[in-house]
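Topology and contacts: notes
So you can see what is in the structure, the chains are spelled out below.
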Amino acid sequence: MMKKIWIYVFIASLGGFLFGFETAVISGAEKIIQDLWDLSPFLHGFTVSISLIGTILGAVVAAKPAERYGRKTVLKWIAVLYLVSAVGCAFSFSWSMFLVCRLIGGISVGVSSVVGPLYISEIAPPASRGRMTGTFQIMIVSGIFIAYLTNYLFASTGDDAWRYMLGIMAIPSIIFWILLFKIPHSPRWLALSGRTQEANRVFEALGQHASSVGVDSPVGTTASLFQRKYAKPIVFAMLLAVFNQFTGINAILYYAPRIFEMAGFSRELAFLQPIFIGGTNLLFTLIGMSIIDRFGRKKLLLGGAVGMFFFLLLAAFGLKSGNSPYLLFYIIGFIASFALSQGAVIWVFISEIFPNAVRAQGTSLGSTTHWVMAALISWVFPVVVERVVGGGFYIFLFYAIMVVLSFFFVLAMPETKGKSLEEIQDELNSKKG
């Protein structure tokens, strides 16, 4: 039975692979595109961030179709959007066409970041939910790693290298769409929709009993998220998403080659170093996923914050010198600390902290907050490093300070390890203050 569930989890998580690939692939193309269309730092930042603007839109609108049509159906839609984005970017003949196609890709990422973890959390048994939902994050970092690898392989193919970098995403998009026909609908969504018998059949197929998870009868219509009784999960999800991006993770992933060039690396080495970053990200995410249900969410976040602070400070002072041969090790240390903590926890926690009636809306809110911050950080980064003397030092120092603040926030978070989605809500509602 667990083998069957893991297969469903893997298929749903392929949206995370496309999410990671689409997010990181621009790092190889961004400087080529800036030169191709002669973009100012502001317009260049906008071009890189347009995908993130689409991600915000996707995260905002994801809840409604996920509630109305189901998680599985929406995942099929976004597989098609990923395909359209990949093909459109590869054949873009103008800057405006490129922007539109990157926007579509961003919308796909936004919807995927909501619906993928949402679906997985609703089919996973409590004892394995952290590892299963975390599989989505593993696939994200796998996509990032493959994007860095293909960027490096295509970097020497000439003026059209960026087209190959962006267009190859069409292949996993098609595979994702085909495999989605193999998975069932979420039983909790079926229960919410009043389709009790179907929900019970899916629960039985998953080796679970509806009565044991609190949805043995239809829950009824979904509720409005913005009520006082949901204040705690709203605050926890939004602040975790804010601090996740204030570590600077997306700026580092998007501008990795440029960061290494700032530290004195040659262009070829600047494209090679992100492969080590992607590999580290993947390895330590796998480690984080293997221990998240044993140690819990809070311990990972607190330990990771200490590591991130230390390595961000080293990177900041390395960039201040303008020639830091050890920058790769500092960035790898930061990536390892992030992957073990924030990277491993964020999508798990956001998808499990909200009650069934508002889970799609709550996950959408948390994801939207995450992508708003990602867009802001990624847009500002090139402006700061190009127009402020010592900008690299100051921006990495800012990230380090934000990690310190995140440490104190995590101390106030609830621990959700090993509890059913309904038990988490019972505990949140029973606590005062």
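Residues numbered from 1 in each chain as written. Predicted model: local features only at pLDDT ≥ 70, side-chain atom pairs only at ≥ 80, totals over all residues. Heavy atoms only, no water.

Moving on, we come to the overall build of the protein chain. Scanning the protein chain for helices and strands turns up 21 helices and zero strands. On C-alpha atoms alone, the protein chain measures out to a radius of gyration of 21 Å, which is about the 22 Å that the 2.2 N^0.38 rule sets for 433 residues. For the protein chain, the C-alpha atoms occupy an extent of roughly 60 × 45 × 35 Å along the three principal directions. Per-residue burial over the protein chain gives 61% buried out of 433 residues. By sequence separation, contacts in the protein chain at least 24 residues apart represent 83% of the contacts at least 6 residues apart. Taken as a whole, the protein chain presents about 16,200 Å² of accessible surface, with 69% of it coming from carbon and sulfur. (Helix = DSSP H or I, 4+ residues; strand = E, 2+ residues; numbered from the N terminus. Rg over C-alpha atoms; globule rule 2.2 N^0.38 Å. Buried < 20%, exposed > 50% of the residue type's maximum accessible area, 1.4 Å probe, protein only. Contact = heavy atoms within 4.5 Å. Areas by Shrake-Rupley, 256 points an atom, 1.4 Å probe, with all protein chains shown as cover.)

The final tally for this structure, using the stated rule, is 18 aromatic pairs. On the numbers, 5.7 Å between centres and 70° between planes, the contact of Trp-37 with Trp-162 is edge-to-face. Residue Trp-37 is located in the loop between α2 (26-36) and α3 (41-61), and its partner Trp-162 is located in helix α8 (residues 161-167); the two are separated by 125 residues in the primary sequence. Take Trp-37: its relative accessible area is 22%, and that puts it in the partly exposed class. Here the aromatic cluster, defined as three or more aromatic residues joined through ring pairs, consists of Phe-19, Phe-136, Trp-347 and Trp-371. (Phe/Tyr/Trp six-rings, centres within 6.5 Å; stacked < 30°, edge-to-face > 60°.)

Here we take up the nonpolar core. By size, the foremost hydrophobic cluster in this structure holds 135 residues, and its most contacted members are Ile-331, Trp-371, Phe-381 and Phe-396. In terms of residues, this core owes the most to one element, helix α1 (residues 2-24), which gives eleven residues. Contact partners of Ile-331, with chain neighbours within four places excluded, come to Ile-252, Phe-260, Ile-277, Ala-315 and Phe-396. (Core = buried A, V, L, I, M, F, W, Y, C linked by side-chain atoms within 4.5 Å.)

All right, on to unusual backbone geometry then. Notably, Asp-38 is not glycine yet its phi reads approximately 50°, a positive angle. Structurally, the position occupied by Asp-38 is in the loop between α2 and α3.

Right, let's get into a nonpolar patch on the surface. A cluster of nonpolar residues, Val-80, Val-84, Ile-174, Trp-177, Ile-178 and Phe-181, forms a patch on the protein surface that exposes about 530 Å² of accessible area. Mapped onto the nonpolar patch, the elements with two or more residues apiece are α5 (71-90) and α9 (170-179). By residue number, the principal contributor to the nonpolar patch is α9, which donates three residues. With respect to the secondary-structure elements, Ile-174 resides in helix α9. (Patch = residues over 30% accessible without salt bridge, like charges linked within 9 Å, V, L, I, M, F, W, Y side chains within 5 Å. Salt bridge = Lys/Arg side-chain N within 4 Å of Asp/Glu carboxyl O.)

Looking now at the confidence of the model for the protein chain. Per-chain confidence: the protein chain averages 85 in pLDDT, with 93% of residues scoring 70 or above. Confidence, read as mean pLDDT per element, is least for helix α14 (residues 256-262) in the protein chain (72) and greatest for α9 (96). (pLDDT = per-residue confidence, 0-100.)

This next bit is on the packing of helix α16 (residues 297-321) against helix α17 (residues 327-340). The geometry of α16 relative to α17 is characterised by a closest axis approach of 8 Å and an angle of 160° between their N-to-C directions. Between α16 and α17, the interaxial angle falls into the category roughly antiparallel. Note that α16 runs across α17; the crossing there is left-handed. Across from Leu-300, Gly-304, Gly-307, Met-308, Phe-311, Leu-312, Leu-314, Ala-315 and Leu-319 in α16, the residues of α17 making contact are Leu-327, Phe-329, Tyr-330, Ile-331, Gly-333, Phe-334, Ser-337, Phe-338 and Leu-340. Here the residues of the contact of α16 with α17 are counted per class, giving 14 nonpolar, four polar and no charged. (Axes fitted to C-alpha atoms, helices over the stretch in contact; angles between N-to-C directions. Parallel < 35°, antiparallel > 145°, perpendicular 65-115°, else oblique. Left-handed = near helix turned anticlockwise from the far one by under 90°. Nonpolar A, V, L, I, M, F, W, Y, C, P; charged D, E, K, R; others polar.)

A few words on helix α7 (residues 129-154). Taking 1.5 Å of rise per residue, 26 residues should cover 38 Å, and α7 covers 38 Å from first to last C-alpha, within 8% of that figure. Along α7, the helix axis deviates most sharply at Thr-135, where the bend reaches about 30°. (Expected span 1.5 Å × (residues − 1). Bend = angle between axes of the 7 residues up to and from the residue.)

For the rest of this paragraph, the subject is the environment of Ala-305. Locating Ala-305 in the fold gives a position in helix α16. When sequence neighbours within four positions are dropped, the list of residues in contact with Ala-305 reads Val-403, Ser-406 and Phe-407.

Our focus in this paragraph is the packing of α5 against helix α6 (residues 95-123). Where α5 contacts α6, the two axes come as close as 8 Å, and the packing angle between them is 155°. One way to sum up the angle between α5 and α6 is to call them roughly antiparallel. Note that α5 runs across α6; the crossing there is left-handed.

The next point concerns the pattern of salt bridges. Applying the stated criterion across every chain yields a total of nine salt bridges. In this structure, the salt-bridge partner of Arg-359 is Glu-122, at a minimum N-O distance of 3.3 Å. Linking Arg-359 in helix α19 (residues 359-387) with Glu-122 in helix α6, this pair joins segments that are 237 residues apart in sequence. The exposure class of Arg-359 is buried, given its relative accessible area of 0%. Between Asp-293 and Arg-297 there is a salt bridge, with the nearest N and O atoms lying 3.2 Å from each other. Across this residue pair, the class does not change: Asp-293 and Arg-297 are buried.

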